[in-house]
Every structure is written in structure tokens, then in C-alpha cells.
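So you can see what is in the structure, the chains are spelled out below.
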Amino acid sequence: MQRNLTTGSVLKNVLLFSLPYLLSYFLQTLYGMADLFIIGQFEGVASTTAVSIGSQVMHMITVILVGLAMGTTVSIAQAVGADNNKESAKSVGNTVTLFMIVSIGLMAVLLLFVNPIVSIISTPEEAVQGTISYLTICFIGIPFITAYNIISSIFRGMGDSKSPMFFIAIACVTNIVLDYVFMGYFHLGPSGAALGTTISQAVSVIISLIVIIRQKSISLSKSDFKPDGKVMGKLLTIGIPVAMQDGLIQVAFIIITIIANQRGLNDAAAVGIVEKIISFLFLVPSSMLSTVSALGAQNIGAHKPERAIKTMQYAIAIAVSFGLIVSIIIQFAAEPVVSLFTDSAEVITPGAQYIRGYIFDCIFAGIHFCFSGYFCAIEKSGLSFLHNIMAITLVRVPGVYLTSTLFPDTLLPMGLATAAGSLLSVCICVIAFIVLRRKERLLQA
């Protein structure tokens, strides 16, 4: 259902749009966390590590697809803000055509290189076979993963964040039930976790398509699916920098995983578990990014740039408040939180060390995520790519490598190094925003 969010209270619009979005992210994150939690009940450290590493690879692929789909969200949102239904329909049709090709090609390439991928990320020997099995099944399900995320991006561009929430809720419940069936009853290990994830995504896509057809949520003609150079160009111009940015962030995390893997099985499991916890806590910053990009783009389309900026400011306030609260809590509750996913003291101790340092990233990421959403809304997504690549290459990766080498008995400095990367991103975003505002004022003078 299409909703124009360019009038009324900005804060109210941010909250009404972001809360369903936040719940959607929460439910989606339960996929990976449920897999880890359930496999930890029935299998050993090797299987837990296999699912942890495999799900991190899949998360990287998913966020790249979501990043590429940002072009869809922004294009549709701008068209909705400008009350241009024809442009909105063309954006939807071209998105379907583009991602159908992308998903099939990506599935084929990844299946071909599954063994080299597992080798490159220095998977511990005990977890190699489980990781290969997990990834093979998940790679086969990439078209379903792509379809779900594209459908969600289309609805959110139209100002509807509730429908995707219901679709993912169905998938989440299905996934948890299938996890217990495949891993608990049939004892399929990592393969069972992958089957549960893939089948549940397929169920979600089928149900969402049924709803779209019955409710006629989106009105399209055959011509809308025909590639249009201008429309496709806009989708890719906005989406590619975001996809590259998100991909490089995940590559950085995989490099961190490789560094942790080289420290041994316990540190590898600890880092994998903490990454899952952090991905859960990053729900608020992530939902703020998406909220700013969608609502900001609608306001840009309606020629209300000041409302777009105010949207970003409210989102930053919400994200930073959340980051401060969880950072304080984790300092006192790190061990109990990590122990939810393992009962091994050899894993809990380094995991608690890592998360105590890493948790401060929730504050800094909350800020630069909101700036990234704004940059996407004004079609300057290249700035998001710039600050992230600088943070990764100058601070995050070299910082983690150095701290891992200098502090072999603790993971705390490695966690702090990741947060320091986001701090650099914040500084670059603030500078870029000030420069953009000054240029706007000069043009208006």
C-alpha cells in the first residue's frame, strides 16, 4: 500500500515507519541467531563454527543485494513524493528484471566456487565439511533470498514498512520450526540449518506474491519490465555504491573472522557468536538508515529538503541513545549474553572480551548509518562508499590485525579496533555533510 510521508510530524513519521522496519530486521536476524542457538543444543563446537562462518558469508551476500536494492527504494520513494505513479511503476518493473538476472548469475557463480570460498576464509579443519554443506544449500536458495529483499525494498519505497514485517514474521516462525525438525529430530547439523533457512525464505516469497496478486498492491504493465536506460541507470547509480560499501564491510568482517580463525577454534567460535549478537544489536542503526533513505527520498521528491535533514537528525538521536544504553549494559553482562549461545568456558571468556570492545560500534555506527541513509536519499551514495572504504582500509582491518598480533591472550583490543573504524566514518560523514550544505547555500545565494 502506497503512503506519502512528506507531511505531518517528522518524528511521528520516523517512528511509525521505523518500528515495523525494526521488527522486520529483528525477525530477520532471528534466522541466524536461531540457527546458532538451536545447533548449539544438538551439536558440538565444530558444527556451531560451521554455521557461524557459513551464515556470515550468507549475510555478506544478503547485505550486498539489499544495498543494490537501495536504488529501488530511493527511486520509488522519490516518485511517490513527487506523485509520479508512472515513474514508480517503471522502477518496480526494471527492478524485477535486473534482480532476476543478478540472482541466477550469482547462484551459479557461488555454487561453482563454494570450496575455494571456504578455503579462503581459513575455516578451521573441523568445520570445513559442515561449512561447505551449509553454503551449498544456501547458495541454491539465493533466488528466494533475492526475491524477498526486492519485494521488501519495493514496499518500503512506497512508504509501507508493515507488509514486509508480516512476510518475514511468517518466514521466521517457519525457520525456527524447521530448524528443530532438521537439526533436532533428523540431526542434519549444518545442512539442516541451511535447509530451514532456504525453505522458510521460499515460503515467505510465495506468500508475499499471493498477497500482492490478491490485493493488487502494485499495478504494472508489460512495458514496465522492459529495461529502460534512464530508470535502470538510476537504480544502479544509487545501488552499486551502497552494494560495494556493504560488501566491503562484510569482506572486512570476514577478514576479521580469518584472523580469529587463525587463533584457534575457540576464538573463532567466540568471534562468530559475537558477530551474531552485534548484528542483532545493529537492528536499530540499520532500521534508522533505511528509514532515513526512504522518508528522506520521499521528501526530496516532494522538494522538501529540510524535512529530509530533520528526518536524519531524529534518526541519529534515536540510534545514539540506543547505542549508549546497550554499551553500558554489555560492560556488566557480557558473559551471560555470550553464554546464551554456548556453554563452553573456553568460548565464553574470549567472546566476552571481544564484545566489550566491539559494543561501542553501536554508538558510532548509529551516526554514520543515518548519514549514509541521507546521502542515498539525495543520490550521493558514493559518499557512503567513500567513508566506509576509508574506515576499513585505514583503521578497521589493520587495527584488528595489529591488536590480534600484539595481544594474543585477549580479544578486547580487536573489538575496540572495529569500533575505531566507525568513529573515522562519523568524522568523514560530518565533514561531507557540512561541505554539501555550504554548496547548497552558495547555489541558493
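Relevant structure appears above.
Visitor: Explain the overall build of the chain residue by residue, including any values.
Guide: When helices and strands are counted, the chain shows 17 helices and zero strands. Against the 2.2 N^0.38 benchmark of 22 Å for 445 residues, the chain shows a C-alpha radius of gyration of 21 Å, consistent with a compact globule. By principal-axis analysis of the C-alpha atoms, the chain measures approximately 60 × 45 × 35 Å. Scored against the burial criterion, the 445 residues of the chain give a buried share of 58%. Nonlocal contacts in the chain, meaning residues at least 24 apart in sequence, comprise 83% of its contacts between residues at least 6 apart. As presented, the chain carries roughly 17,900 Å² of accessible surface, and 70% of it is formed by carbon and sulfur atoms. Measuring between centres, the 24 positive side-chain charges of the chain sit 18 Å from its 21 negative side-chain charges.

Visitor: Explain the nonpolar core residue by residue, including any values.
Guide: Within the largest apolar cluster, 75 residues are counted, with the highest numbers of intra-cluster contacts made by M58, L135 and F139. Those residues in contact with L135 that lie beyond four places of it in its chain are G54, V57, M58, V114, I117 and V118. By size, the runner-up hydrophobic cluster in this structure holds 20 residues, among which are V292, I316, C370 and F433.

Visitor: Summarise helix 11 (residues 265–281); cite the residues concerned and give the values.
Guide: Across its 17 residues, helix 11 extends 25 Å between first and last C-alpha, which sits within 8% of the 24 Å expected from 1.5 Å per residue. Of all 17 residues in helix 11, 13 are buried, a share of seventy percent or more.

Visitor: Got a sec to walk through the environment of L424? Specific residues and values, please.
Guide: Here L424 lies in helix 17 (residues 412–444). Sequence spacing of L424 and L5 is 419 residues, and the spatial spacing of their C-alpha atoms is 32 Å. If near-sequence neighbours (up to four positions away) are discounted, L424 is found in contact with M390, A391, L394 and V395.

Visitor: If you had to explain unusual backbone geometry to someone new, which residues and values would you point to?
Guide: Even without being a glycine, D83 presents a positive backbone phi close to 55°. Relative to the elements of secondary structure, D83 occurs in the loop between helix 3 (70–81) and helix 4 (85–112). Exposure remark for D83: the relative accessible area of 59% places this residue in the exposed category. Despite not being glycine, H303 shows a phi value in the positive range, around 60°. Tracing the backbone through its elements, the reader meets H303 in the loop between helix 12 (283–301) and helix 13 (305–338).

Visitor: Mind laying out the environment of A269, listing which residues take part and the relevant values?
Guide: On the secondary structure map, A269 appears in helix 11. Once the C-alpha coordinates of A269 and S47 are considered, the two residues, 222 residues apart in sequence, prove to be 9.9 Å apart. Ignoring any residue separated from it by four or fewer positions in sequence, one finds A269 in contact with V45, T49 and V347.

Visitor: An account of the side chain of R437 is requested, with residue identities and associated values reported.
Guide: Position of R437 relative to the elements: it lies in helix 17. A distance of 3.2 Å separates polar atoms of two side chains, one belonging to R437 and the other to E440.

Visitor: Run through the packing of helix 3 against helix 4, naming residues and quoting values.
Guide: For any two helices packed against each other, the geometry is given by the interaxial angle and the distance between the axes. In the contact formed by helix 3 and helix 4, the axes pass within 8 Å of each other and the chain directions differ by 165°. With respect to their mutual orientation, helix 3 and helix 4 come out roughly antiparallel. When the axes of helix 3 and helix 4 are compared, the crossing they make is left-handed. Seen from helix 3, the contacting residues are T72, S75, I76 and A79; seen from helix 4, they are E87, S88, S91, V92, T95 and F99. Here the contact of helix 3 with helix 4 is composed, by residue class, of four nonpolar, five polar and one charged.

Visitor: How would you summarise helix 6 (residues 128–140) if you had to cite specific residues and measurements?
Guide: An ideal rise of 1.5 Å per residue puts 18 Å on 13 residues; helix 6 measures up with 19 Å between its terminal C-alpha atoms. Among the residues making up helix 6, those that are buried are G130, T131, I132, Y134, L135, I137, C138 and F139.

Visitor: Just give me the short version of the pattern of salt bridges, but keep the residues and values in it.
Guide: Under the definition given, this model contains seven salt bridges. As a salt-bridge pair, K90 and D228 come within 3.9 Å of each other at their nearest N and O atoms. Of this pair, K90 sits in helix 4 while D228 is found in the loop between helix 9 (190–215) and helix 10 (229–261), placing the two residues 138 residues apart along the sequence. Note on K90: relative accessible area 18%, which makes it buried. D228 gets classed as partly exposed once you look at its relative accessible area, which sits at 23%. The partner of E379 in a salt bridge is K234, with the nearest N and O atoms 3.8 Å apart. Placement of E379 in the loop between helix 15 (361–377) and helix 16 (381–406) and of K234 in helix 10 is noted, with a sequence separation of 145 residues between them. According to the relative accessible area criterion, K234 is partly exposed, its value standing at 24%.

Visitor: Go over the layout of surface pockets, please, and point to the residues and values.
Guide: Empty space among the atoms can be located by rolling a probe the size of a water molecule over them. The computed volume of the largest pocket comes to approximately 520 Å³. In terms of lining residues, the largest pocket is bounded by 19 residues, among which V96, A147, I150, I151 and L209 are the most central. Breaking the lining of the largest pocket down by element, the ones donating at least two residues are helix 4, helix 7 (142–157) and helix 9. Per-element tally for the lining of the largest pocket: the top contributor is helix 7, with seven residues. When the residues that make up the lining of the largest pocket are grouped by side-chain class, the tally is 17 nonpolar, two polar and no charged.

Quick notes on the rules
- Along each chain, numbering runs from 1 in the same order as the chain's sequence is written.
- Local features in this predicted model are restricted to residues of pLDDT 70 or higher, and side-chain atom pairs are both shown and tallied only at a pLDDT of 80 or more, whereas totals for entire chains, interfaces and linings draw on every residue.
- Values reported for side chains reflect all heavy atoms of the structure, with hydrogen atoms and water molecules removed beforehand.
- Only DSSP runs of H or I covering at least 4 residues are called helices, and only runs of E covering at least 2 are called strands; the numbering of each starts at the N terminus.
- Two things to know: the radius of gyration comes from C-alpha atoms, and the globule rule equals 2.2 Å times the number of residues to the power 0.38.
- Note on classification: 1.4 Å probe, protein chains only; a residue is buried when its accessible area is under 20% of the maximum for its type, exposed when over 50%, partly exposed between these limits.
- The contact criterion used throughout is that any non-hydrogen atoms of two residues lie within 4.5 Å.
- Here the Shrake-Rupley method, with its probe set to 1.4 Å, supplies the accessible areas, and only the displayed protein chains count as covering residues.
- Positive charges are assigned to Lys and Arg, negative charges to Asp and Glu, while His and the chain termini are left out of the count.
- Where a charge sits is defined by one atom per residue type, namely NZ (Lys), CZ (Arg), CG (Asp) or CD (Glu).
- In this text, buried Ala, Val, Leu, Ile, Met, Phe, Trp, Tyr and Cys residues form a nonpolar core when linked through side-chain atoms within 4.5 Å.
- An expected span of 1.5 Å times one less than the residue number is assigned to each helix.
- What qualifies as a polar contact is a pair of N or O atoms within 3.5 Å, subject to a donor-acceptor requirement within protein and to the restriction that residues adjacent in sequence count only when both atoms come from side chains.
- Angles shown run from 0 to 180 degrees and are taken between the N-to-C directions of axes, each axis being a line fitted to C-alpha atoms and, for helices, limited to the stretch in contact.
- In what follows, roughly perpendicular refers to angles from 65 to 115 degrees, roughly parallel to angles under 35, roughly antiparallel to angles over 145, and oblique to any angle outside these ranges.
- Helix crossings fall into two classes, left-handed where the near helix is turned counterclockwise from the far one by less than a right angle and right-handed where it is turned clockwise.
- We call Asp, Glu, Lys and Arg charged. Ala, Val, Leu, Ile, Met, Phe, Trp, Tyr, Cys and Pro are nonpolar, and the rest, Gly among them, are polar.
- For this analysis, a salt bridge means a side-chain nitrogen from Lys or Arg found within 4 Å of a carboxyl oxygen belonging to Asp or Glu.
- Here a cavity is any set of points on a 1 Å grid over the protein atoms alone where a 1.4 Å probe fits but cannot get out, and a pocket is any open set with protein on both sides within 12 Å along at least 5 of 7 lines; a residue lines the site when it has an atom within 4 Å of a point.
- Grid points are joined across faces, edges and corners, and a volume is the space filled by probe spheres set on the points.

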